[in-house]
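Descriptive structure summary
These are the residues of each chain, in order.
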Amino acid sequence: MLGFSPLTDRHGRAITDLRISVTDRCNYRCVYCRTGSEGAQYSELPIADYLRLARIFVDLGIEKLRLTGGEPLLRKGLIELIRELAKLHTRLGGELDLAVTTNGHLLEDQAMRLKDAGLSRVTISMDAVEAKTVTRITRVPGSFAKVQRGISAAQKAGLEPVKVNCVVMRGFNDDQIVPFAKFSREHGVIVRFIEFMPLEEGRLWTPETVVPFSEVVARLEQFRPLVKLPANTSGETAVRYTFDDELGEIGIIAPVSRAFCEQCSRVRLTSDGKIRTCLFSQFDHDLYGVMRRGGSDEELAVFITKTIARKEARHHIGEPSFLKPSRSMVHIGG
Ligand code: SAM
């Protein structure tokens, strides 16, 4: 133990949730995320360096650690990283909640090895439950079948609960809300609808493209009555529901129409070792620069603590003063 206090910011929020991007390469070119002409833009750290930084973060109070990207399953050394991360304990001696967010394309082959390495669970991104729409979005033929097999493999490996995240966009895939509800009930996965945020490489986002929380609820209610479920944790971003027959689980994550910044417990580390204190930050904080210059664990912990103290109070989506963040989602780590 380094002997520092647990991470908090100047707004009194405890920071317990870290997302580490292990690459900004991706094998999908989802039309709402990437332009299709940009490739990877930032470097990747050696796996051992992510591990060292993660250890320091955990020492400082991180309890939930999610590996993401880009597409994390593309990253060589991921299994070894998970094996080492799974040995870490929280400050109170509990198990670290260790998860991966993936597009699922390579999951069929990797699910069992991920589980054996100590991964707790996976979240799989899939924006429709029909092959044609999935291919139109990912721009990769055969992606729907691949992701289906990935979901089954994750369930078989016990990487549960398997969550399937769908970013809902008006006029694009909003006809998928009820089919996704049926998918949750038929396949035993938690489906989560996420509001589209202005984080894309291109310029697609307008307020009208967002399908707000209230509309998702109304569409689901037309299918079957919803029953609200209690939050799993105090900082949970999803509002959870099941249906009147208790079959299926839906989460709605509404960062635009019902921003949850006041409860935000999250920071991110980019693939090139920069801290992002908010998805919509205008600046990166060069943690890896401190490490490259030979910084000790204590010096890194001081940098992390001071940077996180200055975390932004909230985002400004939809306000006249809103500025696009300095990186798009795929290059931050979603
Ligand atoms: N490749 C992995 C995957 O597909 O889950 C991890 C990275 S991906 C950037 C993480 C998540 O961000 C995906 O669920 C994706 O749908 C979501 N995402 C990307 N752009 C977004 C946006 N503008 N608004 C909301 N979510 C977005």
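The structure contained in this document is the topic of the report that follows. Remember, predicted model here, so these are calculated numbers, not experimental data.

**Quick look at the site of the ligand**
Surveying the vicinity of the ligand reveals 17 residues, the closest of which are Y32, G70, E71, S125 and M197. Between N103 and the ligand, the recorded distance is 3.5 Å, taken from a backbone N or O atom to an oxygen atom. When the ligand is considered free in solution it has 550 Å² of accessible area, and contact with the protein chains removes 94% of it. Classifying every residue of the shell around the ligand gives 7 nonpolar, 8 polar and 2 charged.

**Regarding unusual backbone geometry**
Here the amide bond leading from E160 into P161 is cis, since omega sits at 0 degrees, within 30 degrees of zero. Locating P161 in the fold gives a position in the loop between α5 (143-157) and β5 (163-168). Of note in the backbone geometry, R139 takes a positive phi value of approximately 60 degrees without being a glycine. Owing to a relative accessible area of 28%, R139 belongs among the partly exposed residues under this scheme. Positive phi is not limited to glycine here, since E246 has a value of about 65 degrees. Within the secondary structure layout, E246 lies in the loop between β8 (239-243) and β9 (249-253).

**Side note on the nonpolar core**
Among the nonpolar cores identified, the biggest contains 103 residues, and F57, L67, M126 and F193 are the most heavily contacted of them. The leading source of residues in this core is helix α1 (residues 47-59), at 8 residues. Contacts of L67, omitting those with residues within four sequence positions, involve I20, V22, P72, L78, L81, I82, L85, A99, V100 and T101.

**A closer look at the packing of α1 against helix α2 (residues 78-85)**
Where α1 meets α2, the axes come as close as 10 Å, and the angle between the chain directions of the two elements is 25 degrees. Classified by the interaxial angle, the pair formed by α1 and α2 is roughly parallel. For the pair α1 and α2, the sense of crossing is right-handed. From α1, I47, Y50, L51, A54 and R55 reach across to α2, where they touch L78, L81, E84 and L85. Of the residues that constitute the contact of α1 with α2, the class distribution is 7 nonpolar, no polar and 2 charged.

**Brief notes about the environment of S37**
Position of S37 among the secondary structure elements: in the loop between β1 (17-21) and α1. Note on S37: relative accessible area 66%, which makes it exposed. S37 sits 201 residues away from A238 along the chain, and the two C-alpha atoms are 33 Å apart. Polar side-chain contacts of S37 include one of 3.1 Å to the side chain of T35.

**Re the state of the cysteines**
Counting across every chain of the model gives 0 disulfides. The thiol of C264 is not disulfide-bonded; the next cysteine sulfur, from C261, is found 6.7 Å away. Among the cysteines around C278, which has no disulfide bond, C261 carries the closest sulfur, lying 6.4 Å off.

**A closer look at the pairing of strand β3 (residues 97-102)**
Every other side chain in a regular strand lies on the same face of the sheet, so the side chains alternate between the two faces. Most of β3 sits out of view: 5 of its 6 residues are buried. Between the parallel pair strand β2 (residues 64-68) and β3, the chain is carried across by α2, and the sense of this crossover is right-handed. In this sheet, strand β4 (residues 121-125) lies alongside β3 in parallel orientation, the contact comprising 4 bridges. Across the sheet, V100 pairs through a bridge with V122, a residue of β4. The β-α-β motif built from β3, the intervening helix α3 (residues 107-117) and the parallel element β4 has right-handed crossover chirality.

**Concerning the side chain of D127**
Tracing the chain through its elements places D127 in the loop between β4 and α4 (131-138). Buried charge without a salt bridge: D127, with R136 as the nearest opposite-charge side chain at an N-O distance of 11 Å. A polar contact is formed between the side chain of D127 and the side chain of Y32, at a distance of 2.7 Å. In this structure D127 touches Y32, I137, N165, C166, V167, N173, Q176 and F180, once residues within four positions along its chain are discounted.

**Thoughts on helix α6 (residues 177-187)**
Those residues of α6 lying buried are I177, F180, A181, F183, S184 and R185. Considering only its buried residues, α6 is in contact with α5, β5, β6 (190-195), α7 (213-223), β8 and β9. Downstream of α6 by one or two residues, G188 has phi in the positive range, about 65 degrees.

**Description of the sheet that holds β9**
In space, the 12 strands of this open sheet follow the order β7-β8-β9-β6-β5-β4-β3-β2-β1-β10-β11-β12, with mixed pairing throughout. One side of each edge strand has no neighbouring strand; the edge strands of this open sheet are β7 (226-228) and β12 (285-286). Bridge analysis of β8 against β9 gives 3 bridges, and the strand direction is antiparallel. Along β9, the bridge assignment pairs V239 with I252.

Parameters at a glance
Residues numbered from 1 in each chain as written. Predicted model: local features only at pLDDT ≥ 70, side-chain atom pairs only at ≥ 80, totals over all residues. Heavy atoms only, no water. Near = heavy atom within 4 Å. Polar contact = N/O pair within 3.5 Å; in protein donor to acceptor, adjacent residues only side chain to side chain. Areas by Shrake-Rupley, 256 points an atom, 1.4 Å probe, with all protein chains shown as cover. Nonpolar A, V, L, I, M, F, W, Y, C, P; charged D, E, K, R; others polar. Helix = DSSP H or I, 4+ residues; strand = E, 2+ residues; numbered from the N terminus. Buried < 20%, exposed > 50% of the residue type's maximum accessible area, 1.4 Å probe, protein only. Core = buried A, V, L, I, M, F, W, Y, C linked by side-chain atoms within 4.5 Å. Contact = heavy atoms within 4.5 Å. Axes fitted to C-alpha atoms, helices over the stretch in contact; angles between N-to-C directions. Parallel < 35°, antiparallel > 145°, perpendicular 65-115°, else oblique. Left-handed = near helix turned anticlockwise from the far one by under 90°. Disulfide = S-S within 2.5 Å. Right-handed = clockwise from strand over helix to strand, strands pointing away. Pairing = 2+ DSSP bridges. Lys, Arg positive; Asp, Glu negative; His and termini not counted. Salt bridge = Lys/Arg side-chain N within 4 Å of Asp/Glu carboxyl O.

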